[in-house]
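Here are the chains, one letter per residue:
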Amino acid sequence: MMDSFRVRSMSSADLPAAAAAFSSIGWIKPVTLFERYLAEQAAGTRSCWVAHLEAVFAGYVTVNWKPTYPFFAEKRIPEIQDLNVLPPFRRKGIGTTLLVQAEAEIVTRSDVAGLGVGLHPGYNNAQRLYVKDGYVPDGQGVTYKDRYVREGELVRLDDDFLLHMLRRIRP
Ligand SMILES: CC(C)(COP(=O)(O)OP(=O)(O)OC[C@H]1O[C@@H](n2cnc3c(N)ncnc32)[C@H](O)[C@@H]1OP(=O)(O)O)[C@@H](O)C(=O)NCCC(=O)NCCS
């Protein structure tokens, strides 16, 4: 039988459970991060959704409508950011459903959806998910803190080292 999860817009009532869930697995995603996301959502620069499985917080995703990554900023490409599904809830289709939700909102404003994926092992699953969903590298190289990295340069392989990818979502 299919697990029943649902995705809806993030609200302030979601914040304590979300922060507690990440704290319990040792990830630094404090209430202040989600408060900032909700403030940006209220200002119209970000949209955020949460997924629940049997009423338990399972993950979230956001769309940044004003990304700072230079290529997306220049082309006005909305950026899917911070897709996360808590480990016990993975491989049930929740990540894909959150991605589809973000794309469904983006398609109302843009032909193309963008995202940045990290290159260290914490992103192994995400890399597969995005390629299977049809995302291709944007052809601009990789960035560290939004700055393009040159051939031969030494860069720390952390969350700021990203490959940005695109998917045409409108035929
Ligand atoms: C990436 C992530 C959101 C995927 O969430 P999820 O709910 O497990 O995703 P889905 O169940 O929809 O999986 C979709 C597909 O991705 C691929 N995938 C996901 N996890 C995988 C794994 N452990 N091994 C191989 N492929 C995997 C598979 O193709 C999978 O489809 P399948 O289960 O039918 O084979 C989750 O692993 C996560 O939160 N990772 C850490 C945070 C992260 O990297 N976020 C992305 C930021 S850019």
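Source: prediction; values computed, not measured.

**Q** What's the story with the overall build of the protein chain in this structure? I'm lost.
**A** When helices and strands are tallied, the protein chain shows five helices and eight strands. Scaling as 2.2 N^0.38, a compact globule of 171 residues should have a C-alpha radius of gyration of about 16 Å, and the protein chain matches this with 16 Å. Oriented by its inertia axes, the alpha-carbon framework of the protein chain measures out at about 45 × 35 × 35 Å. Buried residues in the protein chain amount to 44% of all 171 residues. Sequence separation of 24 or more characterises 64% of the internal contacts of the protein chain that already satisfy a separation of 6 or more. Computed over 21 positive and 19 negative side-chain charges, the inter-centroid distance for the protein chain is 2 Å.

**Q** Explain the site of the ligand here, please?
**A** In the vicinity of the ligand lie 20 residues, with Leu-83, Arg-91, Gly-93, Gly-95 and Thr-96 positioned nearest. Between the ligand and the protein, one listed contact pairs a nitrogen atom with a backbone N or O atom of Leu-83 at 2.7 Å. Between an oxygen atom of the ligand and a main-chain N or O atom of Gly-95, the distance comes to 2.8 Å. Protein coverage of the free-state accessible area of the ligand, which is 920 Å², stands at 79%. Elements represented by at least two residues in the shell around the ligand include exactly strand 4 (79–85), helix 4 (94–106) and helix 5 (124–132). At six residues, the largest contribution of residues to the shell around the ligand is made by helix 5.

**Q** Explain the sheet that holds strand 2 (residues 46–53) to me, please; I cannot follow it from the model alone.
**A** What links the strands of a sheet is backbone hydrogen bonding, and the strands pair in either a parallel or an antiparallel sense. Read across the sheet, eight strands follow the order 1-2-3-4-5-8-6-7 without closing on themselves; strand pairing throughout is mixed. Where the open sheet ends on each side, the last strands, each with one partner, are strand 1 (5–9) and strand 7 (147–148). With eight bridges joining them, strand 2 and strand 3 (residues 56–64) adopt antiparallel strand pairing. If you follow Arg-46 over to strand 3, its bridge partner there is Asn-64. In this fold helix 1 (residues 15–24) packs onto strand 3 and strand 4, with an angle of close to 105 degrees to the strand it touches most, strand 3.

**Q** Is there a simple way to explain the pattern of salt bridges in this structure?
**A** It is possible for side chains of opposite charge to pair when their charged atoms get near one another. This structure, assessed with the given rule, holds 12 salt bridges. Salt-bridge contacts for Arg-156 lead to Asp-158; the nearest nitrogen and oxygen are separated by 3.4 Å. Its relative accessible area of 18% is what places Asp-158 among the buried residues. Each of Arg-36, Glu-40 and Arg-46 takes part in a single network of salt bridges with overlapping partners.

Thresholds applied
Along each chain, numbering runs from 1 in the same order as the chain's sequence is written. Since the coordinates come from a predicted model, pLDDT governs what is reported: local features require at least 70, and pairs of side-chain atoms require 80 or more to be given and counted, while whole-chain, interface and lining totals use all residues. Derived side-chain values reflect all non-hydrogen atoms in the structure, with water molecules and hydrogen atoms excluded from consideration. Helix and strand labels come from DSSP, where a helix needs a run of H or I of at least four residues and a strand needs a run of E of at least two; each type is numbered from the N terminus. The size measure is the radius of gyration over C-alpha atoms, and the globule rule it meets is 2.2 Å times the number of residues to the 0.38 power. Summary of the burial criterion: residues with accessible area below 20% of their type's maximum are buried, those above 50% are exposed, and those between are partly exposed, where the area comes from a 1.4 Å probe applied to protein chains only. Here, two residues are considered to be in contact whenever any of their heavy atoms come within 4.5 Å of each other. Positive: Lys, Arg. Negative: Asp, Glu. His and the chain ends are not part of the count. One atom stands in for each charge, and that atom is NZ of Lys, CZ of Arg, CG of Asp or CD of Glu. We call a residue near a molecule or strand when any one of its heavy atoms sits within 4 Å of it. In protein, a polar contact means a hydrogen-donor-capable atom and an acceptor-capable atom, both N or O and within 3.5 Å, with residues adjacent in sequence counting only if both atoms are side-chain atoms; elsewhere, any N or O pair within 3.5 Å suffices. For the accessible areas, the method is Shrake-Rupley and the probe is 1.4 Å, while residue cover comes only from the protein chains on display. Strand pairing follows a simple DSSP-based rule, namely that at least 2 bridges must link the two strands. To obtain each axis, a line is fitted to C-alpha atoms, and for helices this fit is confined to the stretch in contact; angles are then taken between N-to-C directions over 0 to 180 degrees. By salt bridge we mean one thing: a side-chain nitrogen of Lys or Arg within 4 Å of a carboxyl oxygen of Asp or Glu.

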